[in-house]
Amino acid sequence: MNDSSMRRSAGPTRRRLLAGTGSLGLLGLAGCLGTREGPVPEPTVTSDRIDDWRQIDESRSTVFEQSYGPVTVRARERTRVYEYVDVAEALAATFDASGSPVVFFATRIDLRPAVDQLPADVGRDRLMAEVEGAAVDAFRAQLRNSGIENVEVVDEGTTTVRSGHTATAWRLAGEYALDGDLPLPDGSTQSIAETVEMESRLGVWHDGTDVIVAGGAYPTDPLIEVIDDALPNLADAETLVTELADAETAEALATDPAAFDEDVSQLLIAVE
């Protein structure tokens, strides 16, 4: 992602916009110009990089109602959740565990009635200022659902997405608990309980019709190194994983985090 004007976030969050806790669907306000009937269209990732990911969850719900004078507005969302296939399968083969720290989220938020039908003092700029503040809190909630805790904003700035719109962009840090048991060459089992440092990227923008929210998370160090640090000296993580599974599994766990960063950054700007 081509970040620009990066700066440390200083503004307060807007928890009053949230209707509860849960997924990215909790975002407070969006903007829809004109009237739409029927369900919220699904968010689409236009980059072919998504071929290396698989969808693991989806949500559709009405998640917010707020009154502005005589008008009550309602936000509706549609969210897709993805995991990086190679890492998820490598962890399953190594630890016999489900879940992965390499995840991506895409959400479309539709506001009804539309922005142009709201009271004159409630414009798109005001709504976007509100939704951006709520987006960070909602993204934290989605990351927690994926096992990523202690998420904090590190930087805030802007980026241009593939459709040409300008997104507010955040970089966040967090932690992922990597737990499992590995069989060792001597027949014993080694318990792994390590904290993996995580980085996340989040973008929010108005596409002329709806608000798009997209982001993902990935470890800051190769997972094979985290495993290796937890093993006794008699075992080498790469060799052990290769023997337990295969070379492809070890290679997936040894992926350079820069590759995940590039993937998430490019997927983020490709959501429509």
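These figures come from a predicted structure and were not determined experimentally.

Undergrad: For this particular structure, what's the right way to read the pairing of strand β3 (residues 71-84)?
TA: When a strand is regular, its side chains alternate between the sheet's two faces. Within β3, 11 of the 14 residues are buried, which leaves the element mostly enclosed by the surrounding structure. Note: β3 against strand β4 (residues 103-112), 10 bridges, orientation antiparallel. Within β4, the residue paired with Y82 across the bridge is F104.

Undergrad: I'm lost on the packing of aromatic side chains in this one. Help?
TA: Think of a pair of aromatic rings as described by two things: how far the centres are apart, and how the planes are tilted against each other in angle. Within this structure, the stated rule accounts for five aromatic pairs. The interplanar angle of 65 degrees and the centroid separation of 6.3 Å between the aromatic rings of W53 and F104 together place this pair among those described as edge-to-face. With W53 in strand β2 (residues 53-68) and F104 in strand β4, this pair connects stretches of sequence that are 51 residues apart. Both rings, one in Y84 and one in F260, keep their centres 5.4 Å apart while their planes meet at 75 degrees; by these two values the pair is edge-to-face. Of this pair, Y84 sits in strand β3 while F260 sits in helix α6 (residues 257-268), and the two are 176 residues apart along the sequence. Residue Y84 is classed as buried on the basis of its relative accessible area, which comes to 13%. Residue classification places F260 among the buried positions, given a relative accessible area of 3%.

Undergrad: Would you take a moment to explain unusual backbone geometry for this structure?
TA: For residues that are not glycine, phi is negative in most cases, and the peptide bond is trans in most cases. With a phi close to 50 degrees, N150 is a non-glycine residue in the positive phi region. With respect to the secondary-structure elements, N150 resides in strand β5 (residues 148-160).

Undergrad: Is there a simple way to explain the environment of D57 in this structure?
TA: Position of D57 among the secondary structure elements: in strand β2. The exposure class of D57 is partly exposed, given its relative accessible area of 46%. Sequence-wise, D57 and R80 are 23 residues apart; in three dimensions their C-alpha atoms are separated by 6.0 Å. In contact with D57, not counting residues within four places along its chain, are T79, R80 and V81.

Undergrad: Whenever I open this one, the pattern of salt bridges confuses me. Can you help?
TA: It is possible for side chains bearing opposite charge to pair when their charged atoms get close. Under the defined criterion, the tally for this structure stands at 14 salt bridges. Taken together, the shared-partner salt bridges connect E42, E58, R60, R78 and R80 into one network.

Undergrad: Looking at this structure, I do not really get the environment of D179. What am I missing?
TA: On the secondary structure map, D179 appears in strand β6 (residues 166-183). Accessibility expressed as a relative area gives 47% for D179, which makes it partly exposed. Sequence spacing of D179 and S191 is 12 residues, and the spatial spacing of their C-alpha atoms is 7.5 Å. For D179, the contacting residues outside a window of four places in its chain are F95, I192, A193 and E194.

Undergrad: How should the nonpolar core be read in this particular structure?
TA: The nonpolar side chains of a soluble globular protein tend to be buried, and buried together. Among the nonpolar cores identified, the biggest contains 64 residues, and W53 and F104 are the most heavily contacted of them. Setting aside residues no more than four positions away along its own chain, F104 makes contact with V45, W53, R80, V81, Y82, A214, G215, G216, V264, L267, L268 and V271.

Undergrad: Help me understand helix α3 (residues 223-230), please; the structure alone is not making it clear to me.
TA: Structural remark: α-helix, 3.6 residues per turn; residues separated by three or four positions point the same way. Taken residue by residue, α3 has L223, I224, V226, I227 and A230 as its buried positions. In a view along the axis of α3, the buried residues occupy a sector of 160 degrees, so they form one face of it. Residues of α3 that are buried make contact with α1 (85-95), β6, β7 (189-206), β8 (211-219), α4 (237-244) and α5 (247-253).

Undergrad: Even after reading the chapter, I still don't get the packing of α3 against α4, so can you show me in this structure?
TA: At their nearest, the axes of α3 and α4 sit 9 Å apart, and the two run at 105 degrees to each other. Considering the angle they form, α3 stands roughly perpendicular to α4. On α4, the residues touching I224, I227 and D228 of α3 are A237, E238 and V241. Considering only residue class, the contact of α3 with α4 consists of four nonpolar, no polar and two charged.

Undergrad: Looking at this model, I keep getting lost on the pairing of β7. Mind explaining?
TA: The pairing of β6 with β7 spans 16 bridges and is classified as antiparallel. Among the inter-strand pairings, L178 is bridged to a residue of β7, identified as E194. Examined bridge by bridge, β7 and β8 share nine bridges and lie antiparallel to one another. Note that in β8 the partner of W205 across the bridge is I212. Connecting β7 to the antiparallel partner β8 that follows it, the hairpin turn spans four residues, and G208 within it adopts a positive phi of roughly 95 degrees.

Procedures and definitions
Residues numbered from 1 in each chain as written. Predicted model: local features only at pLDDT ≥ 70, side-chain atom pairs only at ≥ 80, totals over all residues. Heavy atoms only, no water. Buried < 20%, exposed > 50% of the residue type's maximum accessible area, 1.4 Å probe, protein only. Helix = DSSP H or I, 4+ residues; strand = E, 2+ residues; numbered from the N terminus. Pairing = 2+ DSSP bridges. Phe/Tyr/Trp six-rings, centres within 6.5 Å; stacked < 30°, edge-to-face > 60°. Contact = heavy atoms within 4.5 Å. Salt bridge = Lys/Arg side-chain N within 4 Å of Asp/Glu carboxyl O. Core = buried A, V, L, I, M, F, W, Y, C linked by side-chain atoms within 4.5 Å. Arc of directions from axis to C-beta. Axes fitted to C-alpha atoms, helices over the stretch in contact; angles between N-to-C directions. Parallel < 35°, antiparallel > 145°, perpendicular 65-115°, else oblique. Nonpolar A, V, L, I, M, F, W, Y, C, P; charged D, E, K, R; others polar.

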